[in-house]
Amino acid sequence: MKKSEMFSIVLGKVAEVCEVREESIINGSKMQAVVDARILAVQYLRRIGLTNDDIALIIYRISSGDMNACPTMSDLKKKARNIDRLFCSYSQRCLESYAFCLMSKEIKEFCHEKYSEHYLGWMKDLPKHSDEIY
C-alpha cells in the first residue's frame, strides 16, 4: 500500500470522527475542531510509520493539486517541523480534553482494525494491551 493511500485512509477516518472536512484539515483552518483533527491525523500517521517528511510531502502535493510535485528541501523541512510540532502537542491536548481522548481511542481502534486486515505473519505485531495510552 502506498503512503499516500495510508494518508488518505487515516485522513478520511479522522475527518469523520472529528466531524470536519478533509480539506479543512489540509488547508490549515485554525478552528479548534480542525486543529484537533490535524493533531490526531499526524499522531496516527506517525504511529503507522510515516515520517514528518512523508506527511509534509503528501500535504504539499495535495495542496498543490499535483501528486508529483517536488517542493524545495527547505520548504519540505519547514512543513515537516510544523508536522513535528503537531505530533508533540498530542499529549497536552489529551490532558485538556476528554472528548479529544475519546476521538483518539476511536481512531486507534480503526487503525488496529485496518492493520489486522492486512497483517501477515512477518509483520510487526500490534500492541497486546488495548488499555494503553491512546
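Everything numeric here is computed off the predicted structure, so don't read it as measured data.

Visitor: When you look at the packing of aromatic side chains in this model, what are you seeing that I'm missing?
Guide: To describe a pair of aromatic rings, you give the distance between the ring centres and the angle between the ring planes. Here the structure, examined in full by the defined rule, presents one aromatic pair. Where Tyr 90 meets Phe 100, the ring centres are 5.6 Å apart and the plane angle is 55 degrees; that geometry is what we call tilted. On the criterion of sequence distance, the pair formed by Tyr 90 in helix α6 (residues 90-96) and Phe 100 in helix α7 (residues 98-118) is long-range, its members being 10 residues apart. Against the face of Phe 87 rests Arg 46, its NZ or CZ located 3.8 Å from the ring centre.

Visitor: Help me understand the nonpolar core in this model?
Guide: In globular proteins that are soluble, nonpolar side chains generally tend to be buried together. Grouped together as the largest cluster of nonpolar side chains are 36 residues, with contacts concentrated most on Phe 7, Val 14, Ile 25 and Leu 40. Elements supplying a minimum of two residues to this core: α1 (3-18), α2 (22-27), α3 (32-47), α4 (52-64), α5 (73-88), α6 and α7. Counting residues per element, this core draws most heavily on α3, which supplies nine residues. Each residue touching Leu 40, except ones within four places of it in the same chain, is listed here: Val 14, Cys 18, Tyr 90, Phe 100, Met 103, Ser 104 and Ile 107.

Visitor: How do you make sense of empty space enclosed by the protein when you look at a structure like this?
Guide: The method is simple in principle: a probe with the dimensions of a water molecule rolls over the atoms, and the space it marks as empty is what remains. Counting across every chain of the model gives one cavity of 30 Å³ or more. Looking at the largest cavity, its volume works out to about 60 Å³. Looking at the lining of the largest cavity, the elements that each hand over two or more residues are α1, α2, α3 and α4. The dominant element in the lining of the largest cavity, judged by the number of residues it contributes, is α3, at four residues. Among the residues making up the lining of the largest cavity, the classes are represented as nine nonpolar, no polar and one charged.

Parameters at a glance
- Residues numbered from 1 in each chain as written.
- Predicted model: local features only at pLDDT ≥ 70, side-chain atom pairs only at ≥ 80, totals over all residues.
- Heavy atoms only, no water.
- Phe/Tyr/Trp six-rings, centres within 6.5 Å; stacked < 30°, edge-to-face > 60°.
- Helix = DSSP H or I, 4+ residues; strand = E, 2+ residues; numbered from the N terminus.
- Lys NZ or Arg CZ within 6 Å of the ring centre and 35° of its normal.
- Core = buried A, V, L, I, M, F, W, Y, C linked by side-chain atoms within 4.5 Å.
- Buried < 20%, exposed > 50% of the residue type's maximum accessible area, 1.4 Å probe, protein only.
- Contact = heavy atoms within 4.5 Å.
- 1 Å grid on protein atoms, 1.4 Å probe; cavity = no way out; pocket = protein on both sides within 12 Å on 5 of 7 lines; lining within 4 Å.
- Points joined across faces, edges and corners; volume = space filled by probe spheres on them.
- Nonpolar A, V, L, I, M, F, W, Y, C, P; charged D, E, K, R; others polar.

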